[in-house]
Amino acid sequence: MKVRKALFPAAGMGTRFLPITKAIPKEMLPLVDKPLIQYCVEEAMAAAIKEIIIITGMGKTAIEDHFDTSFQLETILKNKGKLEELKVVQDVSNMLHFSYTRQKEAKGLGHAVLVGRNLIGNEPFAVFLGDDIVNATVPCMKQMIDVYNEKGCSVLAVKKVPRDEVSQYGVIAGEKVGDRLYRVLDMVEKPSVEDAPSDLAIIGRYLLMPEIFDHIEVTPPGRGGEIQLTDAMKSLLKDQPMYALEFEGDRYDAGDRLGFIKANIAFALERDELRDDVVKFIKGLNLK
Ligand code: G1P
């Protein structure tokens, strides 16, 4: 069955990025001139996904406004003859079909995914964590869907991280079965360095079979007292095979100050109209 739907958990408070996230959803922070979440929606489109389901919470209406039609703005741009800008604005609201539902309690990533159950139904689906931005020639989710089309089961995105960083991630144990592909044998959410089964960290892209919902439902609170998606996937692993893809591309943790700054520099350098001036500016900083 084709992957047609993508779920975006976006109810988090963005506490790593206060005070900017006090009144602005972290998903709406800009990379150059587009909000973080738009990069993920574009990645979903490039993977032929047709429907986006966003799990929101209090204070997140800017996300809905961004992907909605703005009659007032479009009228003003039309009247002023600003047709290029008009196209940019219209392209965003014409991207895909969006549905929104709220996670009423902060009970963790697994719980956020479960909130989307009715909107997903009984079909495989993609999950995007908007903090993780991947810059790749072949978009990360497209790489994962290629694996899914061959294997017909859940696929996780993984990346090798320095040993001292494993405790920030879900970490897998896997058997290498291809150039960048692992059959998942086990996984653990945010292990200590000593307990980590490998240095392969789960990055915020998942392709999940719908049976995951039954497993989340019976997953008790884990790390941090929250219902962890990693724990539910570990449970699903008992019933179904699962693969992990060490995707090709650069990943930025844009939910973190340093990662966000790095991502902005990297994406600015990819814009023809900005590149030379950004290079000139950085060289002129006289860094020691
Ligand atoms: C979540 C997941 C974790 C994963 C990470 C990727 O953690 O729980 O397994 O490795 O995203 O970014 P969070 O960063 O939300 O704490």
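Per-chain numbering applies: the sequence of each chain, read as written, is numbered from 1 onward. Only residues with pLDDT of at least 70 are given local features in this predicted model, and only at 80 or more are side-chain atom pairs given and counted; all residues enter the totals for whole chains, interfaces and linings. Side-chain metrics rest on all non-hydrogen atoms present in the structure, leaving aside hydrogens and water.

Colleague: Just checking my understanding: could you explain the pattern of salt bridges for this structure?
Modeller: Opposite charge on two side chains allows them to pair when their charged atoms are near. Salt bridges, as used here, are contacts in which a Lys or Arg side-chain nitrogen is within 4 Å of a carboxyl oxygen on Asp or Glu. Within this structure, the stated rule accounts for 20 salt bridges. The salt bridge involving Arg-205 is made with Glu-43; its shortest N-O contact spans 2.9 Å. With Arg-205 in strand β11 (residues 200-208) and Glu-43 in helix α1 (residues 36-46), this pair connects stretches of sequence that are 162 residues apart. Given the relative accessible area of 0%, Arg-205 is considered buried. Here Lys-107 makes a salt bridge to Glu-105, at a shortest N to O gap of 3.8 Å. Throughout this description, buried means an accessible area under 20% of the type-specific maximum (1.4 Å probe, protein chains only), exposed means over 50%, and partly exposed covers the range between. Glu-105 gets classed as partly exposed once you look at its relative accessible area, which sits at 45%. Among the charged side chains, a network of salt bridges with common partners joins Arg-16, Lys-26, Asp-131 and Asp-253. Numbering of helices and strands starts at the N terminus; helices are DSSP runs of H or I of at least 4 residues and strands are runs of E of at least 2.

Colleague: It is not clear to me how α1 should be interpreted in this structure. Could you clarify?
Modeller: Since there are 3.6 residues in each turn of an α-helix, residues three or four apart along the chain are aligned in direction. Counting buried positions along α1 yields eight of 11 residues, so the element is predominantly enclosed. Of all the residues in α1, the buried ones are Leu-36, Ile-37, Gln-38, Tyr-39, Cys-40, Val-41, Glu-43 and Ala-44. Following α1 by one or two positions, Ala-48 has its phi on the positive side, about 65 degrees.

Colleague: How do you make sense of the pairing of strand β1 (residues 5-9) when you look at a structure like this?
Modeller: Every regular strand shows the same layout, with side chains that alternate between the two sheet faces. Among the five residues that make up β1, five are buried, leaving the element largely enclosed by the rest of the structure. Pairs of strands are assigned from DSSP output, requiring at least two bridges between the strands. As paired strands, β1 and strand β4 (residues 51-56) are joined by five bridges and run parallel to one another. Counterpart to Leu-7 in the pairing with β4 is Ile-53. Of the pairings in the sheet, the one linking β1 to strand β6 (residues 125-128) comprises three bridges and is parallel in character. Within β6, the position partnered with Lys-5 by the bridge is Phe-125.

Colleague: For this particular structure, what's the right way to read the site of the ligand?
Modeller: What makes a residue near a molecule or strand is one non-hydrogen atom of that residue sitting within 4 Å of it. Surrounding the ligand, one finds Leu-109, Leu-129, Asp-132, Tyr-169, Gly-170, Glu-189, Lys-190, Ile-202, Gly-204, Tyr-206, Gln-228 and Thr-230. Here an oxygen atom of the ligand and a side-chain polar atom of Asp-132 are 2.8 Å apart. In protein, a polar contact requires one atom able to donate a hydrogen and another able to accept it; more generally it is a pair of N or O atoms within 3.5 Å, and residues adjacent in sequence count only if both atoms are side-chain atoms. Here an oxygen atom of the ligand sits 2.9 Å away from a polar atom, N or O, in the main chain of Gly-170. When atom positions are compared with the pocket grids, the ligand is found to occupy the largest pocket. Take the shell around the ligand: its biggest share by element is three residues, from β11. Under this grouping Gly is polar, as are all residues other than the nonpolar Ala, Val, Leu, Ile, Met, Phe, Trp, Tyr, Cys and Pro and the charged Asp, Glu, Lys and Arg. For the shell around the ligand, the per-class residue count stands at five nonpolar, four polar and three charged. Buriedness of a pocket was judged along seven lines, with at least five required to meet protein on both sides within 12 Å; pockets are open sets of points on a 1 Å grid over the protein atoms alone, cavities are sets where a 1.4 Å probe fits but cannot get out, and lining residues have an atom within 4 Å of a point. Should more than half of a molecule's atoms lie within 2 Å of a pocket's or cavity's grid points, that molecule is taken to sit in it.

Colleague: Sorry if this is basic, but what is going on with the packing of aromatic side chains here?
Modeller: Any aromatic ring pair is given by two values, namely how distant the centres are and how the planes are angled relative to each other. Centres within 6.5 Å are what make two rings of Phe, Tyr or Trp a pair, Trp counting through its six-membered ring; a difference in plane orientation under 30 degrees is then read as stacked, over 60 as edge-to-face, and the rest as tilted. If you walk through the whole model with that rule in mind, you get seven aromatic pairs. Seen from their ring centres, Tyr-39 and Phe-267 are 5.0 Å apart, and the 75 degrees between their planes marks the pair as edge-to-face. Of this pair, Tyr-39 sits in helix α1 while Phe-267 sits in helix α10 (residues 257-269), placing them 228 residues apart in sequence. Judged by relative accessible area, which is 9%, Phe-267 ranks as buried. Put simply, the rings of Tyr-39, Tyr-252 and Phe-267 touch in pairs and so form one group of aromatic residues. As a reminder, the over-ring test applies to NZ of lysine and CZ of arginine, requiring each to be within 6 Å of the ring centre and within 35 degrees of the ring normal. Lys-34 extends its terminal NZ or CZ atom over the ring of Tyr-39, reaching a point 4.7 Å from the ring centre.

Colleague: Could you clarify how one ought to interpret the side chain of Glu-189 in this entry?
Modeller: One can find Glu-189 in strand β10 (residues 181-189). According to the relative accessible area criterion, Glu-189 is buried, its value standing at 10%. Here the side chain of Glu-189 touches Lys-190 through a polar contact of 3.1 Å, side chain to side chain. Only heavy atoms enter the contact rule, under which two residues are in contact if any of them lie within 4.5 Å. Not counting residues within four places of it along the chain, the set of residues in contact with Glu-189 comprises Tyr-169, Gly-170, Arg-223, Gln-228, Thr-230 and Asp-231.

Colleague: How do you make sense of the layout of surface pockets when you look at a structure like this?
Modeller: One simple way to see leftover space: roll a probe sized like a water molecule over the atoms. Its volume calculated, the largest pocket comes out at about 1,300 Å³. Taken together, 46 residues make up the lining of the largest pocket; nearest its centre are Lys-26, Leu-109, Leu-129, Asp-131 and Glu-226. For the lining of the largest pocket, the elements supplying multiple residues, two or more each, are β1, α5 (109-115), β11, α9 (229-236) and β13 (250-253). By residue number, the principal contributor to the lining of the largest pocket is β11, which donates four residues. A per-class count over the lining of the largest pocket returns 18 nonpolar, 14 polar and 14 charged. Grid points are joined across faces, edges and corners, and a volume is the space filled by probe spheres set on the points.

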